[in-house]
Amino acid sequence: EGTGTAFRIVPRSRFDETLAEVGEGDDVRALAEEYLGSARKVVEPTAADVRAAARNYIACRRLLAAEGCGAISIDCLGWKNPVCLAFSRLLDEGVAAGCEADRHAVIGQLVTTLVLGRPGFIQDPSPNTVNNTLIGSHCTSPTRLEGPDSPYRAPFQIRDYHTRTGASLQVLWPEGKDVTVLEFLGPKRMA
């Protein structure tokens with residue numbers, strides 16, 4: 001309440017049904033080949049894992065269209081075939097896509113997209129006090145860090161999800177660039 005954002009709860013079975021309808025068509029193969037051909041390196045996942053990730057992207061796109069939504073979040077922890085690559089692609093397109101059904105994180109992403117013109121990155125912060133740095137890591141990062149219309153695309157490797165399954169992107173962010181770190185805490189609070 002108080003944000004003007006409406007949430008629609010869709011059961012996991014609906015995602016599974018949509019995913020089954022996607023199949024293994026040319027669009028899935030083309031997207032998988034795009035990622036496999038653009039990656040600096042494919043570390044753990046197989047080509048089949050990347051095709052499954054491409055299917056997730058198309059399923060997410062179909063659900064967004066069917067529900068008339070402009071953002072998505074899924075309780076994805078523990079999935080054998082997680083939505084990491086799909087969410088990275090959506091972020092690259094300017095669509096807020098947040099892991100773990102985290103509503104505040106998705107609203108934070110909406111803020112960064114609408115106000116800053118850049119995709120948000122949900123991360124688990126870990127201060128490194130030895131060298132005064134902040135490590136922010138998660139399984140979903142955009143590659144178009146400067147916005148969906150920018151030609152710049154950060155290099156990436158294709159890795160597995162932290163459960164050692166599926167396909168996720170390890171995006172190699174440029175060093176020395178300024179970043180904005182924010183946390184949406186509620187309708188009238190942001191850190």
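Above: the structure in question.
As a starting point, this report considers the structure included with it. (Residues numbered from 1 in each chain as written. Predicted model: local features only at pLDDT ≥ 70, side-chain atom pairs only at ≥ 80, totals over all residues. Heavy atoms only, no water.)

Description of the layout of surface pockets
Looking at the second largest pocket, its volume works out to about 630 Å³. As for the second largest pocket, its lining consists of 26 residues, of which Arg8, Val10, Ile72, Ser73 and Ile74 are closest to the centre. When residues of the lining of the second largest pocket are traced back to their parent elements, those giving at least two are α1 (12-22), α3 (47-67), β2 (71-74) and α5 (103-116). Top contributing element to the lining of the second largest pocket by residue count: β2, with 4 residues. Split by residue class, the lining of the second largest pocket holds 16 nonpolar, 4 polar and 6 charged. (1 Å grid on protein atoms, 1.4 Å probe; cavity = no way out; pocket = protein on both sides within 12 Å on 5 of 7 lines; lining within 4 Å. Points joined across faces, edges and corners; volume = space filled by probe spheres on them. Helix = DSSP H or I, 4+ residues; strand = E, 2+ residues; numbered from the N terminus. Nonpolar A, V, L, I, M, F, W, Y, C, P; charged D, E, K, R; others polar.)

Observations regarding unusual backbone geometry
Most peptide bonds adopt trans geometry, and most residues besides glycine take a negative phi value. You will see that glutamate 100, though not glycine, has its phi angle at about 60°, which is positive. We note that alanine 101 has phi near 50°; this positive angle belongs to a residue other than glycine. Mapped onto the elements, alanine 101 comes out in the loop between β3 (96-99) and α5.

Points about the side chain of glutamine 109
By the secondary structure assignment, glutamine 109 is in helix α5. On the basis of relative accessibility, which here comes to 3%, the residue glutamine 109 falls in the buried class. When near neighbours in sequence (up to four residues on either side) are disregarded, glutamine 109 contacts Leu91, Ala96, Ala97, Gly98, Gly120, Phe121 and Ile122. (Buried < 20%, exposed > 50% of the residue type's maximum accessible area, 1.4 Å probe, protein only. Contact = heavy atoms within 4.5 Å.)

Structural notes on the packing of aromatic side chains
For any two aromatic rings, the description comes down to two numbers: the centre-to-centre distance and the angle of the planes. Applying the stated criterion to the full structure yields 3 aromatic pairs. Seen in terms of ring centroids, phenylalanine 15 and tryptophan 79 are 5.2 Å apart; in terms of plane orientation they differ by 50°. Their pairing is tilted. With phenylalanine 15 in helix α1 and tryptophan 79 in the loop between β2 and α4 (84-92), the pair connects residues that are 64 residues apart, well separated along the chain. Against the face of tryptophan 79 rests arginine 12, its NZ or CZ located 3.8 Å from the ring centre. (Phe/Tyr/Trp six-rings, centres within 6.5 Å; stacked < 30°, edge-to-face > 60°. Lys NZ or Arg CZ within 6 Å of the ring centre and 35° of its normal.)

Describing the sheet that holds strand β1 (residues 41-42)
With respect to topology, 3 strands assemble into an open sheet ordered β1-β6-β7, the strand pairing being mixed. Each of the sheet's edge strands pairs with one partner strand only, and the pair in question is β1 and β7 (168-171). Two elements, β1 and strand β6 (residues 156-159), share 2 bridges in a ladder whose sense is parallel. Bridge assignment links lysine 41 to a residue of β6, and that residue is glutamine 157. (Pairing = 2+ DSSP bridges.)

Some details on a negative patch on the surface
Together, Asp75, Glu100, Asp102, Asp124 and Glu183 make up a region of like negative charge exposed at the surface. Note on placement: glutamate 100 falls in the loop between β3 and α5. (Patch = residues over 30% accessible without salt bridge, like charges linked within 9 Å, V, L, I, M, F, W, Y side chains within 5 Å. Areas by Shrake-Rupley, 256 points an atom, 1.4 Å probe, with all protein chains shown as cover. Salt bridge = Lys/Arg side-chain N within 4 Å of Asp/Glu carboxyl O. Lys, Arg positive; Asp, Glu negative; His and termini not counted. Charge placed at Lys NZ, Arg CZ, Asp CG, Glu CD.)

What to know about the packing of helix α2 (residues 26-38) against α3
Across the interface, α2 lies against α3 with an axial gap of 8 Å and an inter-helix angle of 120°. In terms of orientation, α2 and α3 fall into the oblique class. Judged by the sense of rotation from one axis to the other, the crossing of α2 with α3 is right-handed. Residues Asp27, Val28, Arg29, Leu31, Ala32, Tyr35 and Leu36 of α2 pack against Ala47, Val50, Arg51, Ala54, Arg55, Tyr57 and Ile58 of α3. Considered class by class, the residues forming the contact of α2 with α3 number 10 nonpolar, no polar and 4 charged. (Axes fitted to C-alpha atoms, helices over the stretch in contact; angles between N-to-C directions. Parallel < 35°, antiparallel > 145°, perpendicular 65-115°, else oblique. Left-handed = near helix turned anticlockwise from the far one by under 90°.)

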